[in-house]
Amino acid sequence: MVQLHSATSNRSDPVQRLPLPSRVFCTEFSPFPWSSSLLAVGLQSSVTIGQCWFTEEDTNTTQFQWEVVKEIHHDTRVQAMAWSPKTSLVVAPKVVEFCTSGTDHKVRLFSSDLVEVQVRILKGHTDYINSLVFEPEKGEQLLTGSDDHTAKLWEDGECTTTLHFKSPVMSVQWHQEELGKVLVGQKSGIISLFNSLTLQPILSVDCGIAPLLSTDWSQSNALLLAAVVSTELVMFDLSTPSLPTSRRPVHSEGARHVRCSRHSDSLVATSGRPGNCLKVWHTKSSGGLVSTEMVVVGGLSWHLRLPYLAVGGDREVQLFKVSY
């Protein structure tokens, strides 16, 4: 276990840097209450699973601590990853379960008791898989979205349904409080909700521009959608979905990632070019709260309950504390 001292007080600087052996390509805090201290980091040929102890949550901790609990080999570079709700370190035996997509267009399902690791490979997509998400209650189903213009629903290792689209699927999401709906974001700028049982369409919104590279469905407010499209951050309120509630220029040479804070519907993080720039915005004001340049940006992920944002970088994950 590593005790790390806070480095700085400027809010555009990270408060912690978690050292890693190589460049980070994706970064994911677990979105589930019983495993929210776990952070998964996807690298060139491995996945690092670590546990974070924050002073705000752990009365026995006087300073932030980070411990790598498992290093897992990965046959290719990690493209995207998602946590399963089956993951828990508070039960016996311990269970860590997650999935990844690789540059070989395959999905890998990993399950480990922190000693042995089981891997199951799911084949069916014919191009890069940009996004994956487990059904958030039981974790028996998996939804994936790909450059092959499809989203696929998997159960027990088999593809049960394929949805076809007119452009690459950049983002798929399944909300913990809206289990009956799934979200699909297309590169063309169209974001659609489908019934998660029948996969019949419920509604679509159009950002009006392209390319859409990332979306997020706010975990703290199920009516709030965010997307980065071309150079803009576009927000929708699903109670009045006909037009965006706001749009603002965020990255002049193209926005790449967007993530809504999981503990507050007022904070949204984006990254993009020029300069692999990371920004955090307050949704109800025009000003930015954080603006900083990174060597690389390998994913953004908010902690479930605390105001911390993890950002993948070059041989490290940086943690930012965002308060307003």
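Description of the structure in this document. (Residues numbered from 1 in each chain as written. Predicted model: local features only at pLDDT ≥ 70, side-chain atom pairs only at ≥ 80, totals over all residues. Heavy atoms only, no water.)

### Quick word on the overall build of the chain
- Across its full length, the chain holds zero helices and 29 strands.
- In terms of overall size, the chain behaves like a compact globule, its C-alpha atoms giving a radius of gyration of 18 Å where 324 residues would be expected to give roughly 20 Å.
- In terms of overall dimensions, the chain has C-alpha extents of about 50 × 45 × 30 Å along its principal axes.
- In the chain, which comprises 324 residues, the share counted as buried stands at 57%.
- At a minimum sequence separation of 6, the contacts of the chain that also span at least 24 residues come to 45%.
- As displayed, the chain has an accessible area near 13500 Å², and 48% of this comes from carbon and sulfur atoms.
- Computing the positive centroid from 27 side-chain charges and the negative centroid from 32, the chain places the two 4 Å apart. (Helix = DSSP H or I, 4+ residues; strand = E, 2+ residues; numbered from the N terminus. Rg over C-alpha atoms; globule rule 2.2 N^0.38 Å. Buried < 20%, exposed > 50% of the residue type's maximum accessible area, 1.4 Å probe, protein only. Contact = heavy atoms within 4.5 Å. Areas by Shrake-Rupley, 256 points an atom, 1.4 Å probe, with all protein chains shown as cover. Lys, Arg positive; Asp, Glu negative; His and termini not counted. Charge placed at Lys NZ, Arg CZ, Asp CG, Glu CD.)

### Points about unusual backbone geometry
- The linkage connecting alanine 92 with the following residue, proline 93, adopts the cis geometry, with an omega of -5 degrees.
- Here proline 93 is to be found in the loop between strand 7 (78-83) and strand 8 (96-102).
- The omega torsion across alanine 210 and proline 211 is 0 degrees, close enough to zero to call that bond cis.
- Its place among the elements puts proline 211 in the loop between strand 18 (201-206) and strand 19 (212-217).

### Some details on the layout of surface pockets
- Within this model, the second largest pocket holds a volume of roughly 300 Å³.
- Looking at which element gives the most residues to the lining of the second largest pocket, the answer is strand 10 (residues 117-122), with four residues.
- For the lining of the second largest pocket, the class distribution of residues is seven nonpolar, five polar and six charged. (1 Å grid on protein atoms, 1.4 Å probe; cavity = no way out; pocket = protein on both sides within 12 Å on 5 of 7 lines; lining within 4 Å. Points joined across faces, edges and corners; volume = space filled by probe spheres on them. Nonpolar A, V, L, I, M, F, W, Y, C, P; charged D, E, K, R; others polar.)

### Brief notes about the side chain of serine 30
- Here serine 30 is to be found in the loop between strand 3 (26-29) and strand 4 (38-42).
- In this structure the side chain of serine 30 is engaged in a polar contact, spanning 3.3 Å, whose partner is the backbone nitrogen of phenylalanine 32.
- Here the side chain of serine 30 touches serine 35 through a polar contact of 2.6 Å, side chain to side chain.
- Ignoring sequence-local partners within four residues, the contact set of serine 30 consists of Ser35, Ser36, Leu38, Trp83, Arg262 and Leu304. (Polar contact = N/O pair within 3.5 Å; in protein donor to acceptor, adjacent residues only side chain to side chain.)

### Thoughts on the nonpolar core
- Counting 17 residues, the largest nonpolar core has Leu39, Phe54, Val317 and Leu319 as the members making the most contacts within it.
- Looking at this core, the elements that each hand over two or more residues are strand 4, strand 28 (308-312) and strand 29 (316-321).
- The contacts of leucine 39, once residues within four sequence positions are left out, are Leu18, Thr27, Glu28, Phe29, Thr48, Ile49, Gly50, Trp66, Trp83, Ala310 and Val317.
- By size, the runner-up hydrophobic cluster in this structure holds 15 residues, among which are Val205, Ala227, Val229 and Phe236. (Core = buried A, V, L, I, M, F, W, Y, C linked by side-chain atoms within 4.5 Å.)

### Notes on the sheet that holds strand 18
- Strand order in the open sheet made by the four strands is 15-16-17-18, with antiparallel pairing throughout. One side of each edge strand has no neighbouring strand; the edge strands of this open sheet are strand 15 (169-175) and strand 18. Geometrically, the sheet is characterised by an average inter-axis angle of 15 degrees between neighbouring strands, direction not taken into account.
- Both strand 16 (residues 178-186) and strand 17 (residues 190-195) contribute to a ladder of five bridges, which runs antiparallel. By the bridge assignment, valine 182 is partnered in strand 17 with phenylalanine 194. (Pairing = 2+ DSSP bridges. Axes fitted to C-alpha atoms, helices over the stretch in contact; angles between N-to-C directions.)

### Here's the deal with the pattern of salt bridges
- Taken as a whole and assessed by the stated rule, the structure comprises 13 salt bridges.
- Put simply, lysine 86 and glutamate 97 hold a salt bridge, and the shortest N to O gap is 4.0 Å. Of the two residues, lysine 86 sits in the loop between strand 7 and strand 8 while glutamate 97 sits in strand 8, which places them 11 residues apart along the sequence.
- By relative accessible area, glutamate 97 is classed as buried at 15%.
- Note that arginine 247 is salt-bridged to glutamate 232, the shortest N-O span being 2.8 Å. (Salt bridge = Lys/Arg side-chain N within 4 Å of Asp/Glu carboxyl O.)

### Details of the environment of glutamine 44
- Note on placement: glutamine 44 falls in the loop between strand 4 and strand 5 (46-53).
- Look at glutamine 44 and you get partly exposed, because its relative accessible area is 43%.
- Sequence separation of glutamine 44 and proline 21 is 23 residues, and the distance between their C-alpha atoms is 9.8 Å.
- Each residue touching glutamine 44, except ones within four places of it in the same chain, is listed here: Ser22, Arg23, Phe25, Thr76, Arg77 and Val78.

### A short note on the environment of aspartate 237
- Structurally, the position occupied by aspartate 237 is in strand 21 (residues 232-237).
- The exposure class of aspartate 237 is partly exposed, given its relative accessible area of 25%.
- Each residue touching aspartate 237, except ones within four places of it in the same chain, is listed here: Leu223 and Thr245.
- Within polar-contact distance, the side chain of aspartate 237 engages the side chain of serine 239 at 2.7 Å.

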